[in-house]
Every structure is written in C-alpha cells, then in structure tokens.
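# Descriptive structure summary
Listed below are the residues making up each chain.
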Amino acid sequence: MQHYLLPKKRHRVDGFTNTCGASEEDRGDRDGPKDLSQLPDSGPTCPDLKRYLATEYSGQSRSFNNNWHDQHSWLEYSVTQDAAFCFAYRFFSHTHFSKIEKSFTHEGFRNWKKATTLLKSHDNSAEHKFVMQTWAEFKLQKTKDARIQHALDASHAKIVEEKRHYIRAVIDALLYTAYQNEAQRGHREGSQLDNRGNFLELLDMISRYDDIVKKKLSGPGNAKYTHHDIQNELLDIIAGMIRKDISKEVMKAEHFALMVDKTKDVSKQEQLSIGVRYLHQQSLHEELLDFTAAEGLDADSLLKKIMETLAKCGIDYNVCIGQCYDGAAVMSGHISGVEEKFRREVSQAVYVHCYAHRLNLVLVDCVHNVQDAAEFFRLVEGDNVHRTTESKGLCVLLDADDKTAIRPPPAI
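Nothing here was measured: the structure is a model prediction, and the numbers come from that model.

Secondary structure assignment for the protein chain yields 16 helices and 11 strands. When the accessible area of the protein chain is evaluated, it comes to approximately 25800 Å², of which 53% is carbon and sulfur surface.

Next up on the list: the packing of aromatic side chains. For the structure shown, the criterion picks out 13 aromatic pairs. For the pair Phe64 and Trp68, a centre-to-centre distance of 5.5 Å together with 90 degrees between the ring planes defines the contact as edge-to-face. An identical accessibility class is assigned to Phe64 and Trp68; each is buried. Clustering of aromatic rings is evident, with ring pairs tying together Tyr52, Phe64, Trp68, Tyr77, Phe109 and Trp112. Above the face of the Trp135 ring, Lys139 is positioned so that its terminal group lies 4.3 Å from the ring centre. Above the face of the Tyr355 ring, Arg358 is positioned so that its terminal group lies 4.9 Å from the ring centre.

With that settled, the discussion passes to the environment of Tyr52. Along the chain, Tyr52 turns up in the loop between helix 2 (24-27) and strand 3 (55-57). Residues Tyr52 and Ser63 lie 11 residues apart in sequence; the distance between their C-alpha atoms is 6.0 Å. For Tyr52, the contacting residues outside a window of four places in its chain are Pro47, Ser63, Phe64, Asn66 and Tyr77.

With that out of the way, let us pick up the packing of helix 11 (residues 299-312) against helix 13 (residues 338-345). At a minimum axis separation of 9 Å, helix 11 and helix 13 run at an interaxial angle of 50 degrees. Classified by the interaxial angle, the pair formed by helix 11 and helix 13 is oblique. Here helix 11 and helix 13 pass one another in a crossing that is right-handed. The segment helix 11 lies against helix 13, with Ala299, Asp300, Leu302, Leu303, Ile306 and Met307 engaging Val338, Lys341, Phe342 and Glu345. Class assignment of the residues belonging to the contact of helix 11 with helix 13 gives a composition of seven nonpolar, no polar and three charged.

The next point concerns the pairing of strand 11 (residues 350-353). Residues Tyr351 and His353 of strand 11 are buried on one face, while the alternating residues Val350 and Val352, pointing to the opposite face, are not. Bridge analysis of strand 10 (residues 320-325) against strand 11 gives four bridges, and the strand direction is parallel. Paired with Tyr325 across the strands is His353, a residue of strand 11.

For the structure shown, the criterion picks out 13 salt bridges. Notably, a salt bridge pairs Arg343 with Glu340, separated by 3.9 Å at the nearest N-O pair. In this pair, Arg343 and Glu340 both sit in helix 13, three residues apart, roughly one turn of the helix. Its relative accessible area of 30% is what places Arg343 among the partly exposed residues.

Once that is clear, we can look at helix 10 (residues 228-253). With 26 residues, helix 10 should cover 38 Å at 1.5 Å per step; its first-to-last C-alpha distance of 37 Å lies within 8% of that length. All of the buried residues in helix 10 are Gln231, Leu234, Ile238, Arg243, Ile246, Ser247 and Val250. Just downstream of helix 10, Glu254 is the residue with a positive phi angle, here 75 degrees.

With that out of the way, let us pick up unusual backbone geometry. At Asp82, a position not held by glycine, the phi torsion is positive, near 50 degrees. Inspection of the secondary structure puts Asp82 in the loop between strand 5 (75-78) and strand 6 (83-86). Under the relative-accessibility criterion, Asp82 is labelled buried at 8%. Positive phi, normally seen in glycine, also occurs at Tyr225, with a value near 55 degrees. Relative to the helices and strands, Tyr225 resides in the loop between helix 9 (211-217) and helix 10.

A few words on a nonpolar patch on the surface. On the surface, Val350, Val352 and Tyr355 cluster together to form a nonpolar patch covering roughly 290 Å² of accessible area. Looking at where Val350 falls in the secondary structure, it is placed in strand 11.

Right, let's talk about the nonpolar core for a bit. Phe256, Leu258 and Phe342 are the most contacted members of the largest nonpolar core, which totals 28 residues. Taken together, the elements giving at least two residues each to this core come down to helix 10, strand 7 (256-264), strand 8 (270-280), helix 11, strand 10 and helix 13. With six residues, helix 11 is the single largest residue contributor to this core. Those residues in contact with Leu258 that lie beyond four places of it in its chain are Ile274, Gly275, Ile306, Leu310, Cys320, Gly322, Gln323, Cys324, Tyr325 and Phe342. With 22 residues, the next largest nonpolar core counts Phe87, Ala88, Tyr89 and Trp112 among its residues.

The next thing to look at is helix 6 (residues 115-124). Ala115, Leu119 and His122 are the residues of helix 6 that are buried. Projected onto a plane normal to the axis of helix 6, the buried residues spread over an arc of 60 degrees and lie on a single side. Away from the buried face of helix 6 by more than 90 degrees, exposed residues Thr116, Thr117 and Lys120 are located.

Relative to the assigned elements, Arg90 resides in helix 4 (residues 87-92). Residue class for Arg90 comes out buried when judged on its relative accessible area of 1%.

Time to look at the confidence of the model for the protein chain. Detail in the predicted coordinates should be disregarded across regions flagged by low pLDDT. When pLDDT is averaged along the protein chain, the result is 77; 81% of the residues meet or exceed 70. Low pLDDT (under 50) marks residues 405-412, which in the prediction has 13 contacts with non-local residues, meaning those over four places away or in another chain.

Let's shift gears to the sheet that holds strand 7. Spatially, five strands are ordered 9-8-7-10-11 in an open sheet, and the strand pairing comes out mixed. Of all the strands in the sheet, the pair left with one neighbour each is strand 9 (283-293) and strand 11. Averaged over all pairs of adjacent strands, the angle between their axes in this sheet comes to 25 degrees, without regard to strand direction. Strand contacts of helix 10: strand 7, strand 8 and strand 9, with the helix running at about 45 degrees to strand 8, the strand carrying the most contacts.

Conventions and cut-offs
- Residues numbered from 1 in each chain as written.
- Predicted model: local features only at pLDDT ≥ 70, side-chain atom pairs only at ≥ 80, totals over all residues.
- Heavy atoms only, no water.
- Helix = DSSP H or I, 4+ residues; strand = E, 2+ residues; numbered from the N terminus.
- Areas by Shrake-Rupley, 256 points an atom, 1.4 Å probe, with all protein chains shown as cover.
- Phe/Tyr/Trp six-rings, centres within 6.5 Å; stacked < 30°, edge-to-face > 60°.
- Buried < 20%, exposed > 50% of the residue type's maximum accessible area, 1.4 Å probe, protein only.
- Lys NZ or Arg CZ within 6 Å of the ring centre and 35° of its normal.
- Contact = heavy atoms within 4.5 Å.
- Axes fitted to C-alpha atoms, helices over the stretch in contact; angles between N-to-C directions.
- Parallel < 35°, antiparallel > 145°, perpendicular 65-115°, else oblique.
- Left-handed = near helix turned anticlockwise from the far one by under 90°.
- Nonpolar A, V, L, I, M, F, W, Y, C, P; charged D, E, K, R; others polar.
- Pairing = 2+ DSSP bridges.
- Salt bridge = Lys/Arg side-chain N within 4 Å of Asp/Glu carboxyl O.
- Expected span 1.5 Å × (residues − 1).
- Patch = residues over 30% accessible without salt bridge, like charges linked within 9 Å, V, L, I, M, F, W, Y side chains within 5 Å.
- Core = buried A, V, L, I, M, F, W, Y, C linked by side-chain atoms within 4.5 Å.
- Arc of directions from axis to C-beta.
- pLDDT = per-residue confidence, 0-100.

Here you go:
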C-alpha cells in the first residue's frame, strides 16, 4: 500500500501539478459522464433531486441518497448513469489503484444497498486519503495564487497610477512654460547648479509639495522623463492634439482663410509660420498650425510646405476662400508667386495683402523722411546685412554639422 503513497512523476492537470503521477493519457478514460464536473476547479456535482432512480434489491427499492453528499464532500452523482463517483479520484488518482477505487472513477458506484458501508470504507482507504490531501493542496495553491495575483495587480495598479500622476506633473510644467513663452532649458542643467532652467526648477518646486513627484525625481535617471528629447516629444504630442482640435473646428466652419509669413530665426534659418482664420461659435478665430523651417525660398517650395502642413493637420485646402501674405514677390506675385499658384489649385481663394505689412510699409516710408531716423535704421540694416551674408551657405553648414557647433560670424 505504501507504494501508492509515494509520488512517481509530476504532471500538469489543468494548470495544477498532479503529484500522484497520473498523466492526461492515464486519465482519459476516467473523466466520467459529461454531466459531472469537467474541471478540478468546478468541485463535485451533486444535483438535489426530489426523487432518484430506484433499483430493486430482494423486493426492496434502493436509490442514491442526497444526504450522503453532506457526509462525504468528495461524492458526486451522475443522473445519466444513475451512479456515484469520487471527485478527488477522478482528477487526482493514480492509475494503479485497485478495482473498488476504480468503481468511483469511470465505472460508477451503484450498490445502494451497501452504500453506507462501502462509502465509509472508501473514505477511510489510504488511496482516498492521499487524493483528498492532493485535492486540498490544489485548492490551497489556487487560493494562494489568487492572493498573490491580487497583490500583484494592486501593486501594478499603484505603480501605473504613480507614473501617470508624475507624467501629468511633467506635462503641467511644460504647459506652464509654453503658455508663459518661457524657455524650458537652462544654459547648464547640472544637479549642483543654482539655476537649471525654468522647466527643471518648476518641477523641483512641485516636488516640494508632492511626494510622488519627489520620489520620481530622486529615482533612476531613465525614469524622470526630463531629458530635452522627451520634452520635445511631449510638446509635439500636445501640439498634435491642439492641431486636431483646430482641424475639427475648421472643418465644422466649412470655410477658412490661409495666413502665411516667413522670417529668420537666431541661426538665420528661414522659418515659415502657417495659420488659419475661421468662424467658430459666432466668433473669429486665428490659430497657428505650424512653425517650420523653409526648405526652399522659391514659390514652389513654399507652396509645397503649405500643402504638406494643411494635409498633416487634416484640413482640406479646397474649402479655403482667402489667402493672406506679405508683399514680397515670391508670395504675392500675380504670375508665379505663391498666391497665384495656390489659386490655380483653389480658384475661390482670394489674395489679400496683409494689413499689418501694409502698415509697416507706411511707417518705414514715413521714417525715411526723418534724416536722423533714416541714418540710424540705415546703420542697423547694414549691420544686419553683414551678419546675414551668405546665410544660405551657413544653413548648409549647419545641416552638415547637425546644427550644433557652427554659429553666425560675430560682427566686426
């Protein structure tokens, strides 16, 4: 008998290690009728019927008694076969158990006349005690797994919530500096410096009143999300969300006017600002779509950049009814300027010379009539021309050097 109490091999039974040594092939013919439990997680099946099928024994009718289930928790009953089975045997038994034990697996027990005695005998057998212990271990393991999984889920949820809380603080700091038109980065951002830039200093101030932000800032360097590349990525995501909202408003308005201007940045790179003007909720809105480098200064290159920006923002240029630029020939030229090329695509897009640029032309003309002012602005203009000499060649060098080391030559 001790032979059966020693585990021989370990097999997986529905996610549980069966220490009794029964494989799936060994159990294949002992799963019992289909109206019994098909999984070890389900527990014994014992339907509570008002009347069970009776069998004649020497002129006396005997049948299954549902009270037996209260006395033996392992007992289950099959209505289709009118037989009793041992749940623990069916799922956790060994293949070499004796015949009487097998009657509780695939053959079924039907000797209702001697049921009380035989059920008790089966309950007290060493084999049965072994499978009952295995079943108890199975249930305990399931409970432990559930507790561990619950703890892991709760811990994971807490970590996720803390990360979301921290990233919201990072985004709020970026939004604040963006709204206030302040630079994010400082000249130096070392931890020992007194001033590391607006973004890091603002985030450090938030950490004084927020324990989660403080913990993240003092944690691993790769989990702070404060690198300038990540700042740019977050700002790009925010900009994309804003553009999506603008696009929805423009398409809802059904018509819009296009506004484009170009200017040089501090590195003398030509930048193109593209905006739209439209009616939303009974009021006029002017929104900036993009501020991007101009790859070329000819009309075709500028028009291509405008079209790409509108397409990126999901705005249909066919509903444009107006275009507004400065008076430069490349923009306002009626033969080969941007306004003419755009109107060939969208005939109803009427060109309007920007009124702000018109006012600027008037002021410049007035100032030129004042000798001292004219001389002052002539000197300023000459200095600017000197600084921007061969700016196109400089831009090529900037691209070749990854736009880092080379800067415009200083004034003499």
